[in-house]
Amino acid sequence: MPVAPSDRPRPRAAVAMGPDAASAVLAPPALKALGAVCDLAPPPVLDDFGTDRARGVLADVELLVTGWGCPPLDAAVLASAPRLRAVVHTAGTVRGHVTEACWERGIEVSSAAAANALPVAEYTVAMILLAGKRVLERAAAYRLARRRDEPLHVPASVGNYHRTVGILSASLIGRRVIELLRPYDLHVLLHDPYVTDEEARALGTRPVGLPELFTGSDIVSVHTPLLPATRGLVSRDLLTSMRTDAVLINTARGAVVDQDALTDVLRQGSIRAVLDVTDPEVPPPDHPLWDCGNALITPHLAGSQGNEWRRLADLAIGEVKRWAAGDGFAHPVRRERLAFLA
């Protein structure tokens, strides 16, 4: 006879992440909500699995709620956690702490990547629309000139009507960007070698090869994860092929773009860029990228921050509730999909 949810024993759980991450993401109401569905180990959080206290906590836990700063769950750590059956991650990628030993154990893994994708997509869409109207450049010129543009003299290259946006990768974020762009009078191209032409058209995009994405778009937005195959994917040839005054937006990972090539092309003044990520973060103080007036560089702020941490916590709490009730995760991370995930 199946066990009724109300009769299930409450799982033993612990929080494993850096103290700053715990304070930001798991505010007191979130910890209270977690404590309502599991027996949560008391603070402090686990940020070093090698201590006597950590080994004592791990010996009894069935579930870990992880976040930024969680140490790797390698074979030695798992040997100290014989009852561990699940990991709920309050951020995006699990590559930093979920090791091969976890998959071999059969540990179930969930991630809040879907929740973290939302603010990144919102930032991207905002930047697409601002770039189309050249808002940042025109605001700077307005501040200097202290007079507005003559609207009838604004060139036809300014505006968002029937502009072409190229999306590089139908990742979680890329798909959300495509969805958010649907109400606008834009043409959307997509390059993703793992998406069929039929699937791309169902998303409301036109599938194209990688070269055409760059030659045929007014704005190219990068959403591919950083994998061995995608390091430097946005090459010098692709960057130099972009339309004059086109815009490259990167909210993925800095190393997906050949940053030296991008810096050279920006210094030539042929394209513009919106970069929320660089390689490295932060570029050296004397890096010429800082001096490119046609590049907006933001400090990796597109992802969850401020009150958006609550969305990550809410998703994680929901996953813990589902798992504790025996319903499985709504946002599982599959071992076989790791090669395609950030």
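Thresholds, definitions, all that
Residues numbered from 1 in each chain as written. Predicted model: local features only at pLDDT ≥ 70, side-chain atom pairs only at ≥ 80, totals over all residues. Heavy atoms only, no water. Pairing = 2+ DSSP bridges. Helix = DSSP H or I, 4+ residues; strand = E, 2+ residues; numbered from the N terminus. Contact = heavy atoms within 4.5 Å. Axes fitted to C-alpha atoms, helices over the stretch in contact; angles between N-to-C directions. Core = buried A, V, L, I, M, F, W, Y, C linked by side-chain atoms within 4.5 Å. Buried < 20%, exposed > 50% of the residue type's maximum accessible area, 1.4 Å probe, protein only.

1. Considerations on the sheet that holds strand β5 (residues 108-111)
Line of reasoning, step 1. With parallel pairing, the five strands of this open sheet are ordered in space as β2-β1-β3-β4-β5. Every other strand in the sheet has two partners, leaving β2 (39-40) and β5 as the edge strands with one partner each.
Line of reasoning, step 2. Sheet analysis places strand β4 (residues 86-89) next to β5, joined by four bridges and oriented parallel. Across the sheet, residue histidine 89 finds its bridge partner in β5, namely serine 111.
Line of reasoning, step 3. Sheet strands touched by helix α13 (residues 309-324): β3 (63-66), β4 and β5. Its angle to β4, the strand with the most contacts, is close to 160°.

2. Some details on the nonpolar core
Line of reasoning, step 1. Residues Phe214, Val234, Leu239, Met242, Leu248, Leu262 and Leu266 are the most contacted members of the largest nonpolar core, which totals 27 residues.
Line of reasoning, step 2. Where this core is concerned, the elements lending two or more residues are α10 (210-215), β9 (219-222), α11 (236-240), α12 (259-268) and β11 (272-275).
Line of reasoning, step 3. It is α12 that contributes the most residues to this core, four residues altogether.
Line of reasoning, step 4. Look past the residues within four positions of leucine 262 in its chain and what remains in contact with it is Leu239, Leu248, Val257, Ile271 and Leu275.

3. Some words on unusual backbone geometry
Line of reasoning, step 1. Residue proline 44 follows proline 43 across a cis peptide bond; omega there is 5°.
Line of reasoning, step 2. Structurally, the position occupied by proline 44 is in the loop between β2 and α3 (52-58).
Line of reasoning, step 3. With an omega of 5°, the peptide bond between aspartate 279 and proline 280 qualifies as cis.
Line of reasoning, step 4. Relative to the elements of secondary structure, proline 280 occurs in the loop between β11 and β12 (295-297).
Line of reasoning, step 5. Here the phi dihedral of arginine 146 falls at roughly 60°; this positive angle occurs in a residue that is not glycine.
Line of reasoning, step 6. Considering the arrangement of structural elements, one finds arginine 146 in the loop between α7 (135-145) and β6 (163-168).
Line of reasoning, step 7. Its identity as a non-glycine residue notwithstanding, histidine 300 has a phi of 50°, on the positive side.
Line of reasoning, step 8. Of note, histidine 300 is situated in the loop between β12 and α13.

4. Re the side chain of serine 221
Line of reasoning, step 1. With respect to the element layout, serine 221 can be found in strand β9.
Line of reasoning, step 2. On the accessibility criterion, serine 221 (0% relative accessible area) is buried.
Line of reasoning, step 3. Excluding its chain neighbours within four sequence positions, the residues that come into contact with serine 221 are Thr124, Gly166, Ile167, Leu168 and Ile249.

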